[in-house]
Amino acid sequence: MARILVIDDDSDVRTLMVYELRVAGHEVRGASDGAEGLTRQRESPADVVVTDIYMPEKEGIETIRDLKEEFPRVKIIAISGGARNPSAGGFSAHDLRVVAGELGVIAVLQKPFDTRELLRSIESALGQH
Amino acid sequence: MQAARNQQPERSQAHAEKLEALVRLSSGMAHDFNNILHVIKNATAALRYTAGDAAETARLLDMLERNAVRGTLLTRELLAFAARQPLSPIPLSVNRLIADMQHRLRNVLGRGAQVETVLGGSLWPVQADEAELEAAIVKLAENARDATAAGGKITIETANALIEEAQALHAGIEPGEYVTIAVRDTGGGMTAETLSRAFDPYFSTKEARPMTGLGLPHVYGFVKQMRGYLTVDSAVGTGTAVTVYLPRLKQAAEAPQRNEPKLVLASSARPKGLAGLRVLVVEDESLIGMLAEDLLEQLGCRMVGLVSSLRKAVELAKSAEVDLALLDVDIGGEPVYPVALALQARGVPFLFMSGYGALDEPWRAHPIVQKPFDVDQLRKEIERALSADQ
């Protein structure tokens, strides 16, 4: 059982992930954007943060950097639905994996992914020290 | 009738801005679609274990999952249009790619479609994602088929193109060396207004088929990602030609040979008299044409064209600058003799290629090489054809 924080601006996606991870036995909270996610993390640090990449206001990559800076040991899994605005510097799938890897992200999952993939990534993350 | 030419989408500022907006739109849609699909997919999985009527629920869930898959394919196309799809470019030969995809093209386009290929000789290699380039050619051919009435023709033609400064300015293409892939149809052509929307996602003149308008935008995005260009020439009543320009790969390494038998040079001596000979090959099996090209190269000859259509071959026989022609006896079920007659009228030597039987009169004594042939056999018959001509 782990403490997990799910950050996604899409309320249905977030609600579903929170539900499925709780059914799998984890303690889960949700946040609708990067700023709220950081607040939640400071209130009650999670072991694993699952964060969307392309969100309004504060993008996922920036959120990841901030999380890693304040919580170096937190395990992060990035999820992506594809480039929202390539003209504003959105990443290709390949570039995202490169950037995320450099930031210490455990895994990058491309939506739509199966919940089992997410659970496997979380198990893998928890197995790392 | 005036021909409408859409040369490069970026040329006009307004069109460039429009395209940019479309790129943003499609990317945003893709992101949102993926979120929706994620919900459908996982909610479906969860429902399987919570619903009461298992059989009915399962049937509905299958329907939901199928739509989730369709949505996934759609988002992939949207990202391709945004030129952000992951690609794996490799050095490749466009002629060999087209030769290898003949069966796929026939299956996709259907029996009624008449497709001819005119493959330029000594085609330069390119660097491209093989699967995506094949998909792009199929999409262009499908569009051409849909635009062509029964009995019409689709032509896929490749060539090397050197775009110089003056041409570049006119065509909106950076000067340089390119390999062109032109897909032409003999359909009704496009009006200027239709042509101006040819790159709009979801725009389609095919009313009966929903969501088919991403073909050209998808190809455009891919070509752009390959640092190439795409032009569309169309005139009402005379059909449409879509031409892809891919930059020549300028590396020492040759394009990889795909699924081709190894050819052994029976004689290492390069014979005199054949050096630089310009040869036209008429053969409807592209792979055999490619093999013939390899043998001709070993002999020092240069294949200037590989033609699969009898009509096109007769046309070239009457006007092309060639020193010799190599003619498959049977082209699409029709004898190649009209081509032979045209060449004979001009005094251009030629020889036949055949996989079976003898030639009909009056060609029975004419030089012929029996398939499968090796380089020595080909050389012998070429020399016989050249001697007979003198």
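What counts and what doesn't
- Residues numbered from 1 in each chain as written.
- Chains lettered and ligands numbered in written order.
- Predicted model: local features only at pLDDT ≥ 70, side-chain atom pairs only at ≥ 80, totals over all residues.
- Heavy atoms only, no water.
- Helix = DSSP H or I, 4+ residues; strand = E, 2+ residues; numbered from the N terminus.
- Buried < 20%, exposed > 50% of the residue type's maximum accessible area, 1.4 Å probe, protein only.
- Contact = heavy atoms within 4.5 Å.
- Areas by Shrake-Rupley, 256 points an atom, 1.4 Å probe, with all protein chains shown as cover.
- Salt bridge = Lys/Arg side-chain N within 4 Å of Asp/Glu carboxyl O.
- Pairing = 2+ DSSP bridges.
- Phe/Tyr/Trp six-rings, centres within 6.5 Å; stacked < 30°, edge-to-face > 60°.
- Axes fitted to C-alpha atoms, helices over the stretch in contact; angles between N-to-C directions.
- Polar contact = N/O pair within 3.5 Å; in protein donor to acceptor, adjacent residues only side chain to side chain.
- Expected span 1.5 Å × (residues − 1).
- Arc of directions from axis to C-beta.
- pLDDT = per-residue confidence, 0-100.
- Left-handed = near helix turned anticlockwise from the far one by under 90°.
- Nonpolar A, V, L, I, M, F, W, Y, C, P; charged D, E, K, R; others polar.

### Structural notes on the overall build of chain B
Here's step 1: Broken down by element type, chain B carries twelve helices and 15 strands.
Here's step 2: In chain B, buried positions account for 49% of the 390 residues.
Here's step 3: By sequence separation, contacts in chain B at least 24 residues apart represent 74% of the contacts at least 6 residues apart.
Here's step 4: For chain B, the accessible surface area stands at approximately 18,800 Å², while carbon and sulfur atoms represent 53% of it.

### Here we look at the overall build of chain A
Here's step 1: Helices and strands together make up the secondary structure of chain A, namely five helices and five strands.
Here's step 2: In chain A, the succession of α and β elements from N to C terminus is β-α-β-α-β-α-β-α-β-α.
Here's step 3: In chain A, which comprises 129 residues, the proportion classed as buried is 50%.
Here's step 4: Counting only contacts in chain A whose residues sit at least 6 apart along the sequence, the fraction spanning at least 24 positions is 70%.

### Things to note about the pattern of salt bridges
Residue and element names in this part refer to chain A.
Here's step 1: In total, this model carries 18 salt bridges over all chains according to the counting rule given.
Here's step 2: One salt bridge connects arginine 40 with glutamate 36, and the closest N-O pair in it is separated by 3.1 Å. With arginine 40 and glutamate 36 both in helix H2 (residues 34-43), this residue pair falls four residues apart, about one helical turn.

### Structural notes on the pairing of strand E3 (residues 114-120) of chain B
Residues and elements named next belong to chain B.
Here's step 1: Along E3, five of the seven residues are buried, which leaves the element largely enclosed by surrounding structure.
Here's step 2: Here E3 runs beside strand E5 (residues 153-163); their pairing, made up of six bridges, is parallel. Among the inter-strand pairings, valine 115 is bridged to a residue of E5, identified as isoleucine 154.
Here's step 3: In this structure, E3 lies alongside strand E10 (residues 302-307), joined through three bridges in antiparallel fashion. The partner of valine 118 across the bridge, within E10, is valine 307.

### Topic: the packing of aromatic side chains
Residue and element names in this part refer to chain B.
Here's step 1: Tallied over the entire structure, the rule returns seven aromatic pairs over all chains.
Here's step 2: Taken together, a centroid distance of 5.5 Å and an interplanar angle of 85 degrees make the contact between phenylalanine 350 and phenylalanine 352 edge-to-face. Across this residue pair, the class does not change: phenylalanine 350 and phenylalanine 352 are buried.
Here's step 3: With 5.9 Å between their ring centres and 70 degrees between their planes, phenylalanine 352 and tryptophan 363 make a pair best called edge-to-face. Of this pair, phenylalanine 352 sits in strand E14 (residues 350-354) while tryptophan 363 sits in the loop between E14 and strand E15 (368-370), placing them eleven residues apart in sequence. Each of the two residues, phenylalanine 352 as well as tryptophan 363, counts as buried.

### Digging into the sheet that holds strand E5 (residues 107-110) of chain A
Whenever strands of a sheet pair, they do so through backbone hydrogen bonds, lying parallel or antiparallel.
Residue and element names in this part refer to chain A.
Here's step 1: The parallel open sheet is built from five strands, whose spatial order is E2-E1-E3-E4-E5. In the strand order of this sheet, the two ends are held by strand E2 (27-31) and E5, each with one partner. The average undirected angle you get between the axes of adjacent strands in this sheet is 20 degrees.
Here's step 2: Across four bridges, strand E1 (residues 3-7) lies against strand E3 (residues 48-52) in parallel orientation. Across the sheet, valine 6 pairs through a bridge with valine 50, a residue of E3.
Here's step 3: Sitting on the sheet, helix H1 (residues 11-23) is in contact with E1, E2, E3 and strand E4 (75-80), with an inclination near 170 degrees to E2.

### Some details on the environment of glutamate 142 of chain B
Residues and elements named next belong to chain B.
Here's step 1: Structurally, glutamate 142 can be placed in helix H5 (residues 130-147).
Here's step 2: In this structure, the C-alpha to C-alpha distance between glutamate 142 and glycine 110, residues 32 residues apart in sequence, is 9.8 Å.
Here's step 3: Not counting chain neighbours up to four residues away, the residues in contact with glutamate 142 comprise Val108 and Leu109.

### Brief notes about the side chain of threonine 158 of chain B
All names here are of chain B.
Here's step 1: Looking at the secondary structure, you find threonine 158 in strand E5.
Here's step 2: Looking at threonine 158, its side chain comes within polar contact range of the main-chain nitrogen of glycine 120, at 3.0 Å.
Here's step 3: If sequence neighbours within four positions are ignored, threonine 158 has contacts with Val94, Asn95, Ile98, Val118, Leu119, Gly120, Leu123 and Thr180.

### Brief notes about helix H5 (residues 115-126) of chain A
All names here are of chain A.
Here's step 1: Across its twelve residues, H5 extends 16 Å between first and last C-alpha, which sits within 8% of the 16 Å expected from 1.5 Å per residue.
Here's step 2: If you check which residues of H5 are buried, you get Thr115, Leu118, Ser121, Ile122 and Ala125. Down the axis of H5, the sector holding all buried residues measures 120 degrees, keeping them to one side. Of the residues in H5, the exposed ones pointing more than 90 degrees away from the buried face are Arg116, Arg120 and Glu123.

### Thoughts on the confidence of the model for chain B
Residue and element names in this part refer to chain B.
Here's step 1: Per-residue confidence for chain B gives a mean pLDDT of 76, with 69% of residues at or over 70.
Here's step 2: Within the model, pLDDT remains below 50 along residues 206-214, and this stretch shows 18 contacts once partners closer than five positions in the same chain are excluded.
Here's step 3: Long-range and interchain partners of residues 252-271, a stretch whose pLDDT sits below 50, account for 34 contacts in this model, where long-range means more than four residues apart.
Here's step 4: Scored as a whole, the predicted complex attains pTM 0.50, and scored at its interfaces, ipTM 0.79.

### Examining the packing of helix H4 (residues 102-109) of chain B against H5 of chain B
Residues and elements named next belong to chain B.
Here's step 1: Following both chains from N to C, one finds H4 and H5 inclined at 35 degrees, their axes separated by 10 Å at the closest point. Considering the relative orientation of H4 and H5, their crossing is right-handed. Between H4 and H5, the contacting residues are Arg104, Leu105, Val108 and Leu109 on the first element and Glu134, Ala135, Val138, Ala141, Glu142 and Arg145 on the second.
Here's step 2: Of the residues that constitute the contact of H4 with H5, the class distribution is six nonpolar, no polar and four charged.

### Section: H4 of chain B
All names here are of chain B.
Here's step 1: Within H4, the full set of buried residues consists of Gln102, Leu105 and Leu109. When H4 is viewed along its axis, its buried side chains cluster within an angular range of 60 degrees and face the same direction. Exposed residues lying more than 90 degrees from the buried face of H4 are His103 and Asn107.
Here's step 2: Next to the buried residues of H4 lie helix H3 (94-100), E3, H5, E5 and helix H9 (286-298).
Here's step 3: Looking at the residues trailing H4, positive phi occurs at glycine 110, about 90 degrees.

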